[in-house]
Amino acid sequence: MLPAISKEPLLDQCRRMLLIRHFEERLIGLHHEGRFRGHYHVYIGQEGTGVPAISLLRPDDLLFSTHRNHGHILARGGDPGRLLAEILGRRDGYNRGKGGSFHTSPRELGFLQCSGVVGGILPLGAGAAYAAKSRGAGQIAVCLFGDGALEEGAIPETFNLASLWKLPVLFLCENNGKYGAGNAVGAAQSSTMAAYPLTDLPQAYKIPAVQVDGTDAGVVHETLRENIDAIRSGAGPRFIETLTVRWPGSETNWPVVKAPTTVELAWDASGAPEDVRDWYRNSDPLLRFMRELVENGHVDRDELEAINRSVTEQISAAVDFAFDSPYPDLAEAETDVFV
Amino acid sequence: MRNLKYHEAKLEALRELMEEDERVHLIGGTFFSLSPHRLKFAAIEKAWPDRVAAPPISELGFCGLATGAAMAGLRPVVDVTTGSFLFEAWPQVVNEAANVLYMSGGQVRAPVVFHMLHGLRGGGAAQHSGSPQAMLWNCPGLEIVLPSSPRDVKGLLKAAVASDNPTVFVDHSNLFETEGPVPDGDRIPLGQADVKRPGADVTLIATSFTVQRALAVAEALASDGIDVEVVDPRTLVPFDLDTIMASVEKTGRVVIADETHQSCGVAAEIAARIAESGFDHLKGPIRRVATLDVPVPYSQPLEEYIGPSEERIARAVREATR
């Protein structure tokens, strides 16, 4: 279902989801062309979680993400040009080229750390929540992370602290491993946790936790709205696990676009290779969102095509901006070690 | 100027920090470990219950929490108690706090202080006698502070909290009863070495509790006609090489006494810097008196044998001046 909001913010969410999708697909293409080096992780397939979730935050809320941060940054209104410039290691990147894909953290959007260390942000997020609580202005901290993070030892320590001290922190666990890489359909997880469902773990620390379908933007929006309201009102931490089906292009360590996203694909996936067609038909949150927008009479397909075109143009401009940005001066290597 | 015990000066610094800046939060232990002075910390807890937090036994969790709180605008001072326990928090200290300013391209600061009591404390054995400062010196992005006197512990603790960088405050419980003059109020800027005792014959560089041993050795050797200059770097990062080189140029002889292990230890790095920038001033080899490269033994004579004892320091100074 769609989030229970009016047409304009719905279209804005659609636009952000498309922006994420086209950004990532273009990024994969650029990597295959050999135009940047280093590893990277894409957010495709999780747009239906990140976009509605982040739309509920206040401008002064504090965000922490991981190596899979591109979608979160774009959902929060990040500039795709500056994001790509960072991934390319250029001067105009958000971190002036010193962070790269894993660590892009636009402070101006409230991101304090995107850590490439699995689970590394959870103690930090609890700390930001501790600071927010001490100021008492209703600000919250949000940790956006994957299911694998729960395997790290920092996580139970953080759950314990956050629960004991009733910290205003949202733990949003994006489990992109339903039927995930390396697992047969029906197997539990791409992560390897004895505690299953994952919500068992926060619940052991008395943190209320729910599992929702992360491909259903409406359910995500409603669940997150209730929980964010509770956190903001002083009820302490909340844990939400969103289940998404791993995008087939991410089944290998190096992503591959098997079917470029179009508006058409939402209604006719016959153009996609047979082995991935089912994902686009049943598990793609963006295509579902677009179908529901039309089914609910908010837009017709031509209007979606127009939005899609403007997003692809924005991405093209972002690519030009990023590649036009020079590498940092070598002197930059020795700055920012200390204030 | 008042004469204070080290533990009094330290407690005074903590109290003034709490009074002066409401962003300062104390998270962790009592800053005095198991010593009786820990009971005096209770008065601070009582005065500021909302800004003193006693976390569960989760060094990784609460060091990360303090770092995140610092990123979000507070000035947390964390006590991990024994220096060895910093190893439990290593990922958050060296991989998050140390990196965030650089990795963010200068966007995000983490003005957190990690406080600990390091070193050979008497019976700590291998798992409660750690001196992680040498390893930390290999992690760019962390300031490292090593007080050795009542004046220094107060002035440096206040400067560490005022600093916008993550700072590791490496204290030593054997210093608690040391007495000395303490001026009112002043911060001691990080990066200023201190000549603790002037002398002409040999430069004895020492850190933390070893400074007190070095001063005792210097007094003892004075009666033998050896005039020892004791120089205390006080902070490893930033490092005041100028003050040390001025002493080296004067004496031409160098002994470095420090409680970290010998290999890749604090003395090793200081020796390398002196050799690189002042080899021509040296009249003989630089001598290191460090903790032997073994895990710390429990038994008292064994523990004394492996550490930078006054006997070993005196022997090294005599060799250097021979």
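Residues numbered from 1 in each chain as written. Chains lettered and ligands numbered in written order. Predicted model: local features only at pLDDT ≥ 70, side-chain atom pairs only at ≥ 80, totals over all residues. Heavy atoms only, no water.

1. Topic: the side chain of B:His172
Residue and element names in this part refer to chain B. The topology assignment puts His172 in the loop between strand 7 (167–171) and strand 8 (179–182). Among the residues examined, His172 registers a relative accessible area of 0% and is labelled buried. Only 3.2 Å separates the side chain of His172 from the backbone nitrogen of Asn174, close enough to count as a polar contact. With near-sequence residues (within four places) excluded, His172 lies in contact with Leu117, His118, Gly119, Leu120, Ser208, Phe209 and Glu259. (Helix = DSSP H or I, 4+ residues; strand = E, 2+ residues; numbered from the N terminus. Buried < 20%, exposed > 50% of the residue type's maximum accessible area, 1.4 Å probe, protein only. Polar contact = N/O pair within 3.5 Å; in protein donor to acceptor, adjacent residues only side chain to side chain. Contact = heavy atoms within 4.5 Å.)

2. A few points about the packing of aromatic side chains
Per the counting criterion, the structure on display carries 13 aromatic pairs over all chains. Here A:Phe159 and A:Tyr205 contribute two aromatic rings whose centre-to-centre distance is 6.4 Å and whose plane-to-plane angle is 55°, an arrangement assigned as tilted. Of the two residues, A:Phe159 sits in helix 6 (residues 154–164) while A:Tyr205 sits in the loop between helix 7 (200–204) and strand 5 (209–213), which places them 46 residues apart along the sequence. For the ring pair B:Phe32 and B:Phe176, a centre distance of 5.4 Å and an interplane angle of 65° mean the geometry is edge-to-face. Placement of B:Phe32 in the loop between strand 2 (24–28) and helix 2 (41–47) and of B:Phe176 in the loop between strand 7 and strand 8 is noted, with a sequence separation of 144 residues between them. (Phe/Tyr/Trp six-rings, centres within 6.5 Å; stacked < 30°, edge-to-face > 60°.)

3. So, the nonpolar core
In terms of nonpolar packing, the biggest core is built from 83 residues, with A:Phe145, A:Phe171 and B:Ile274 touching the most fellow members. With residues up to four places along the chain from it excluded, the contact list for A:Phe145 reads A:Thr66, A:Ile121, A:Leu122, A:Leu150, A:Phe171, A:Leu172, A:Cys173, A:Glu174 and A:Phe239. Residues A:Leu10, A:Leu19, A:Val299 and A:Leu304 belong to the second largest nonpolar core, which totals 71 residues. (Core = buried A, V, L, I, M, F, W, Y, C linked by side-chain atoms within 4.5 Å.)

4. Describing the sheet that holds strand 12 (residues 235–237) of chain B
Within a sheet, adjacent strands bond to each other through the backbone by hydrogen bonds, running parallel or antiparallel. Residues and elements named next belong to chain B. Within the open sheet, the seven strands sit side by side as 3-2-4-5-7-6-12. Their pairing is mixed. Here the strands that pair on one side only, and so sit at the sheet edges, are strand 3 (52–53) and strand 12. With two bridges joining them, strand 2 and strand 3 adopt parallel strand pairing. The residue of strand 3 that forms the bridge with Leu26 is Val52. Of the strands in this sheet, strand 2, strand 4 (75–82) and strand 5 (113–117) are in contact with helix 3 (residues 59–71), which crosses strand 4 at around 165°. (Pairing = 2+ DSSP bridges. Axes fitted to C-alpha atoms, helices over the stretch in contact; angles between N-to-C directions.)

5. A look at the state of the cysteines
Residues and elements named next belong to chain B. All chains considered together, the criterion is met by zero disulfides over all chains. Not engaged in a disulfide, the cysteine Cys63 finds its nearest cysteine sulfur in Cys139; these two sulfurs lie 14 Å apart. Judged by its relative accessible area of 0%, Cys63 is buried. Take Cys139: it sits in no disulfide, and the sulfur closest to it among the cysteines is that of Cys264, at 13 Å. On the basis of relative accessible area, Cys139 is assigned to the buried category, the value being 15%. (Disulfide = S-S within 2.5 Å.)

6. What about the pairing of strand 14 (residues 287–291) of chain B?
All names here are of chain B. As paired elements, strand 13 (residues 254–261) and strand 14 share four bridges and run parallel to each other. In the strand pairing of strand 14, Val255 is matched with Arg287. Crossover connection from strand 13 via helix 9 (residues 266–278) to parallel strand 14: handedness right-handed. (Right-handed = clockwise from strand over helix to strand, strands pointing away.)

7. Here we look at the domain arrangement of chain B
Residue and element names in this part refer to chain B. As far as domains go, chain B holds domain 1 (2–182) and domain 2 (194–321). Between domain 1 and domain 2, roughly 2,300 Å² of surface is buried when both sides are summed, and carbon and sulfur atoms account for 62% of that area. Along the contact surface separating domain 1 from domain 2 lie three salt bridges. Here Lys196 makes a salt bridge to Asp152, at a shortest N to O gap of 2.6 Å. Counting every contact that joins domain 1 to domain 2 gives 14 residue pairs in polar contact (both at pLDDT 80 or more). A class-by-class count of the residues in the side of domain 1 that touches domain 2 yields twelve nonpolar, 13 polar and four charged. (Domains from an automatic or database assignment. Buried area = accessible area lost by both parts, 1.4 Å probe. Salt bridge = Lys/Arg side-chain N within 4 Å of Asp/Glu carboxyl O. Nonpolar A, V, L, I, M, F, W, Y, C, P; charged D, E, K, R; others polar.)

8. Considering the interface of chain A and chain B
Each partner contributes to the interface: chain A provides 42 residues, whereas chain B provides 41 residues. Summed over both partners, the interface of chain A with chain B comes to about 3,200 Å²; 65% of that surface belongs to carbon and sulfur atoms. The largest share of the area that chain A buries against chain B comes from A:Tyr130, A:Phe338 and A:Val339, three residues that together contribute 21% of it. Joining chain A to chain B, the criterion identifies zero salt bridges. Linking chain A with chain B are 19 residue pairs in polar contact (both at pLDDT 80 or more), by the criterion used here. Breaking the side of chain A that touches chain B down by element, the ones donating at least two residues are strand 1 (62–65), strand 2 (111–114), helix 5 (121–135) and helix 6 of chain A. Element by element, the count of residues in the side of chain A that touches chain B is highest for helix 5 of chain A, at nine residues. Among the residues forming the side of chain A that touches chain B, the class breakdown is 23 nonpolar, twelve polar and seven charged.

9. Some thoughts on the packing of helix 5 of chain A against helix 6 of chain A
All names here are of chain A. Running from amino to carboxyl end, helix 5 crosses helix 6 at an angle of 20°, the nearest separation of the two axes being 8 Å. As the angle between them shows, helix 5 and helix 6 are arranged roughly parallel. For the crossing formed where helix 5 meets helix 6, the hand is left-handed. For the pair helix 5 and helix 6, the contacting residues are Leu122, Pro123 and Ala126 in the first and Ala154, Ile155, Thr158 and Phe159 in the second. (Parallel < 35°, antiparallel > 145°, perpendicular 65-115°, else oblique. Left-handed = near helix turned anticlockwise from the far one by under 90°.)

10. Topic: the packing of helix 2 (residues 47–55) of chain A against helix 8 (residues 217–232) of chain A
Residues and elements named next belong to chain A. It is the contact of helix 2 with helix 8, at a shortest axis distance of 9 Å, that shows an interaxial angle of 35°. Along this stretch, helix 2 crosses helix 8, giving a crossing that reads as right-handed. Contact with helix 2, carried on its side by Gly48, Thr49, Pro52, Ala53 and Ser55, involves Ala217, Val220, His221, Leu224 and Ile228 of helix 8 and no other residues of that element. For the contact of helix 2 with helix 8, the residue count by class is six nonpolar, four polar and no charged.

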